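What the coordinates show
One-letter residues, chain by chain:
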Amino acid sequence: MWKIVIQWCFAGLVLLLGCKGMDSTYKEFVVPGGLTYVGKPVHPVAYMGKYRVQLKWARGSDPNVASTRIYWNNYTDSTEVPVEPGVDSLQVMITGLQEQSYSFFLKAFDDNGNSSVPVEVTARVFGDAYEGGLLNRGLNGSEIDADGIVTLNWAQANLTAGAYMTEVTYTARDGAQKVTAFPATENESVIPDFETGEPLRFRTVYVPDTFAIDTFYTEYDYARDFLLKKTNWKIVSFSTEHPGATNAVANFIDGTAGTRWHSQVNVGSKYPHHATIDMGSEQFVTQFGVWRTTFENGGDDRAPDRIQFLVSNDNKTWTDLGSYDFNRFVNGEQLYPVEEAPLARYVKFVGLSGPQEYIVMGEIDVYVK
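Below is a summary of the structure that appears in this document.

Parameters and conventions
- Residues numbered from 1 in each chain as written.
- Predicted model: local features only at pLDDT ≥ 70, side-chain atom pairs only at ≥ 80, totals over all residues.
- Heavy atoms only, no water.
- Helix = DSSP H or I, 4+ residues; strand = E, 2+ residues; numbered from the N terminus.
- Buried < 20%, exposed > 50% of the residue type's maximum accessible area, 1.4 Å probe, protein only.
- Contact = heavy atoms within 4.5 Å.
- Pairing = 2+ DSSP bridges.
- Axes fitted to C-alpha atoms, helices over the stretch in contact; angles between N-to-C directions.
- Salt bridge = Lys/Arg side-chain N within 4 Å of Asp/Glu carboxyl O.
- Lys, Arg positive; Asp, Glu negative; His and termini not counted.
- Phe/Tyr/Trp six-rings, centres within 6.5 Å; stacked < 30°, edge-to-face > 60°.
- Lys NZ or Arg CZ within 6 Å of the ring centre and 35° of its normal.

1. Notes on unusual backbone geometry
Each neighbour pair has its own omega, and for tyrosine 271 with proline 272 the value is 0 degrees, a cis peptide bond. Take proline 272: it is sitting in the loop between β18 (261-262) and β19 (273-291). Its identity as a non-glycine residue notwithstanding, histidine 43 has a phi of 50 degrees, on the positive side. Residue classification places histidine 43 among the exposed residues on the basis of a relative accessible area of 67%. You will see that asparagine 74, though not glycine, has its phi angle at about 55 degrees, which is positive. Among the secondary structure elements, asparagine 74 is positioned in the loop between β3 (67-72) and β4 (77-82). Taking relative accessible area as the criterion, asparagine 74 reaches 74% and is therefore assigned exposed.

2. Concerning the environment of methionine 165
You can see methionine 165 is positioned in strand β10 (residues 163-171). Taking the C-alpha atoms as reference points, methionine 165 and aspartate 314, separated by 149 residues in sequence, lie 43 Å from one another. Residues contacting methionine 165, with those up to four places away along its chain left out, are Ala181, Phe182, Pro183, Ala184, Arg203, Thr204 and Val205.

3. Description of the pairing of strand β7 (residues 119-124)
The two faces of β7 differ: Val119, Val121 and Ala123 on one face are buried, but Glu120, Thr122 and Arg124 on the other face are not. As paired elements, strand β6 (residues 101-109) and β7 share six bridges and run antiparallel to each other. Bridge pairing in β7 links phenylalanine 104 to valine 121.

4. What about the sheet that holds β4?
Across the sheet, which stays open at both edges, the four strands sit in the order β4-β3-β6-β7 with antiparallel pairing between neighbours. Either end of the sheet is taken by a strand with one partner, and the two such strands are β4 and β7. If you compare each strand with its neighbour and ignore which way they point, the axes differ by 25 degrees on average. Where β3 meets β4, six bridges bridge the pair, whose relative direction is antiparallel. Following the sheet pairing, tryptophan 72 is matched in β4 by aspartate 77.

5. Quick notes on the sheet that holds strand β5 (residues 89-95)
The strand order across the open sheet formed by three strands is β1-β2-β5, and the pairing between neighbours is antiparallel. What marks the edges here is a single partner per strand, and that holds for β1 (42-48) and β5. Each strand of the sheet is rotated relative to its neighbour by a mean of 15 degrees, with strand direction disregarded. Pairing analysis gives seven bridges linking strand β2 (residues 52-58) to β5, with the strands arranged antiparallel. Bridge pairing in β5 places glutamine 54 opposite methionine 93.

6. Some remarks on the pattern of salt bridges
The tally for this structure, following the rule as stated, stands at 14 salt bridges. Between arginine 224 and aspartate 221 there is a salt bridge, with its nearest N and O atoms 3.8 Å apart. Looking at arginine 224, the relative accessible area reads 53%, which means it is exposed. Note that aspartate 278 and arginine 345 form a salt bridge whose closest N and O atoms lie 2.8 Å from each other. With aspartate 278 in strand β19 and arginine 345 in strand β23 (residues 343-353), this residue pair connects regions lying 67 residues apart in the sequence. With a relative accessible area of 29%, arginine 345 lands in the partly exposed category.

7. A look at the pairing of strand β25 (residues 363-368)
Within β25, six of the six residues are buried, leaving the element largely enclosed by the surrounding structure. Side-chain alternation along β25 places Glu363, Asp365 and Tyr367 on one buried face and Ile364, Val366 and Val368 on a second face that is also buried. Bridge count for β19 against β25 is six bridges, and the pairing is antiparallel. Counted as the bridge partner of valine 290 is isoleucine 364 from β25.

8. What to know about the environment of alanine 303
Mapping alanine 303 onto the fold places it in the loop between β19 and β20 (306-312). A C-alpha to C-alpha distance of 8.2 Å links alanine 303 and threonine 293, two positions 10 residues apart in sequence. With residues near it in sequence (within four places) discarded, alanine 303 still touches Tyr271, Arg292, Phe326, Arg328, Gly354, Pro355, Val360 and Met361.

9. Quick look at the side chain of lysine 107
If you trace the backbone, lysine 107 turns up in strand β6. For the buried lysine 107, no salt bridge is present, and the opposite-charge side chain at shortest range is glutamate 80, 11 Å distant. Those residues in contact with lysine 107 that lie beyond four places of it in its chain are Pro41, Ser67, Thr68, Arg69, Tyr71, Ser115, Ser116 and Pro118.

10. A short note on the packing of aromatic side chains
By the definition in use, this model includes 17 aromatic pairs. On the basis of an interplanar angle of 35 degrees and a centroid distance of 4.8 Å, the ring pair of tyrosine 71 and tyrosine 75 is categorised as tilted. In this structure tyrosine 71 comes out as buried when scored by relative accessible area, which is 14%. In this structure an aromatic cluster arises from ring pairing among Phe252, Trp261, Phe288, Phe309, Tyr324, Tyr336 and Phe349. Directly above the ring of tyrosine 47 sits lysine 56, whose terminal nitrogen or CZ lies 5.2 Å from the centroid. Positioned above the aromatic ring of tryptophan 318 is the side chain of lysine 348, whose terminal nitrogen or guanidinium carbon lies 4.6 Å from the ring centre.

11. Quick word on the side chain of asparagine 251
Summarising the element assignment, asparagine 251 is placed in the loop between β17 (234-238) and β18. A relative accessible area of 13% places asparagine 251 in the buried class. Residues within four places of asparagine 251 in sequence aside, it is in contact with Ala245, Thr246, Thr256, Thr259, Arg260, Trp261, Gly362 and Glu363.

Rendered as structure tokens:
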């Protein structure tokens, strides 16, 4: 019995000596009283911008926090934010960054140099490369009426890339320079007070992320050649029209090539044929659009081969804008640009020659600036 007790005592002594040796081996790595960790920054958020990032976070419940240091570029760059007593929410703007993605590490410190565990937040920084790749949304069409009310019909904006607004700059009728913005989701926008003849330009405003602090812009583009609405148009003179409403010269300005103006068919009806239009107001004419009719069989080739345009302000003195070829074998609008955009209220369309003595036409449009 005593022999067993002695063996157990010897084993315990060996174990005790072994533990003391282990303690001496690791003694230099043990901090007396243990490590002190500071409460870490809470809920950090990164707000992305152009060559800059704004970081916001909460102090947390640790009253000993005296500062927060933010590190980036693998801890090679940093900045320190003092934490004043009683302050719960903190923020810092970091500028001079490159256009790339970053990881920021936030560590809180107390007055004794003790730190918290790091908290990471990531952010993408935008710059000239991003902005240079942005596309201005297109303009499918633009219309103007006699009162200068402009309607802009937009193409689809690039919402995925962050298209946010469409900004329009123009001169109003009172001479003021105006800037107005329309949501990028809006397909049709109205400018109620546009000064005819002055430029109207537009660009797309981008906000690349819900946490972005900066907006980005495309280059300006210009709205040109507004289609003049025909609300106030009148035919004030014409050569002839064949009997019946389906042949009336009024069909030449009714807004569709699906109707027709058919001149009278008899010995007294021959080229040239003309129709004079009062547009209701003076406009700077930039181009004409002419259509053959699709009234019968999807297209009618009895239109003229040569046409002419004239303009006037008083329906007495006329300016000849030239004669042009017209392709009477194709459907669709054929455009005829006008040099120097003359100011005019009256337009005279003339059919100069064609395959028959009479004329058959679909529609005429006038574009202005």
